Amino acid sequence: MKYIICPYCKRRITEEEIRRYVRAGQHVAMNCPYCKRRLAFRILGEEPQECNESAEKETVSGKIYAYLQVIENVFGYAQRFPLTEGTHRVGRYNDRYSELEVPIHTNDPSVDRNHCLIEISLDDNGKPQAAIWDNDSMTGTFINTRELMPDERHFLRDGEVITLGATTLIFSFNEND
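Described below are features of the structure shown in this document.

Reading the values: rules and limits
- Residues numbered from 1 in each chain as written.
- Predicted model: local features only at pLDDT ≥ 70, side-chain atom pairs only at ≥ 80, totals over all residues.
- Heavy atoms only, no water.
- Salt bridge = Lys/Arg side-chain N within 4 Å of Asp/Glu carboxyl O.
- Helix = DSSP H or I, 4+ residues; strand = E, 2+ residues; numbered from the N terminus.
- Buried < 20%, exposed > 50% of the residue type's maximum accessible area, 1.4 Å probe, protein only.
- Pairing = 2+ DSSP bridges.
- Axes fitted to C-alpha atoms, helices over the stretch in contact; angles between N-to-C directions.

1. Concerning the pattern of salt bridges
Tallying each qualifying case throughout the model produces four salt bridges. E101 is the salt-bridge partner of R89, the closest N and O atoms lying 3.3 Å from each other. Linking R89 in strand β9 (residues 86-92) with E101 in the loop between β9 and β10 (102-104), this pair joins segments that are 12 residues apart in sequence. Looking at E101, the relative accessible area reads 26%, which means it is partly exposed. The residue E119 makes a salt bridge to R153 at a minimum N-O spacing of 2.4 Å. Residue E119 is found in strand β11 (residues 116-122), and its partner R153 is found in the loop between β14 (146-147) and β15 (154-156); the two are separated by 34 residues along the sequence.

2. Some words on the sheet that holds β15
Sheet strands pair by backbone hydrogen bonding; their relative direction is either parallel or antiparallel. Read across the sheet, five strands follow the order β10-β9-β11-β12-β15 without closing on themselves; strand pairing throughout is mixed. At either margin of the open sheet sits one strand with a lone partner, and together these are β10 and β15. Each strand axis lies, on average, 25° off the axis of its neighbour in the sheet, ignoring direction. Pairing of β9 with β11 involves five bridges; the strand directions are antiparallel. Counterpart to T87 in the pairing with β11 is E119.

3. Focus on unusual backbone geometry
Look at K36: it is not a glycine, yet its phi comes out positive at around 70°. If you trace the backbone, K36 turns up in the loop between β4 (27-31) and β5 (38-42). In this structure K36 comes out as partly exposed when scored by relative accessible area, which is 30%. Phi is positive for D136, which is not a glycine, with a value near 55°. Judged by relative accessible area, D136 falls into the exposed class, the value being 71%.

In short, shape yes, function no, at least from these values alone.
This is the structure:
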């Protein structure tokens, strides 16, 4: 194997980039360095590589501080997105052009392409904190059934439910921190 082609953005990912994320049993779990979509696959026909523990806790862009879990519904399947430090645009995936850090694959028309923003930062003690705000979406962003007002920033707590249109997400901090 010299490279793979990302099935989402169609870009080439080199063997060197892939080898950092090989886990026990030749299983690879990583984010595409270009489109940031989660990739998981097995490398067949080779000797098993040593498990790289640090690769599980980091993505291409840094340490994972939190996760967004998309709940399966009639519009789409269950998905899980790692969140690193920085601002993440959350919205409906557009196969023609999508510069989202959290591209939700769904047919839900009530989820905007750029629905909301989530910012992960560290407080003075080095503990992660997360803020969410609506990105002027048509249907609004709801936290535990309460709609966020325009320009309102809400600090997320572990286990809070985020609703974008008819799509539900659960926010959780990384338990390893």
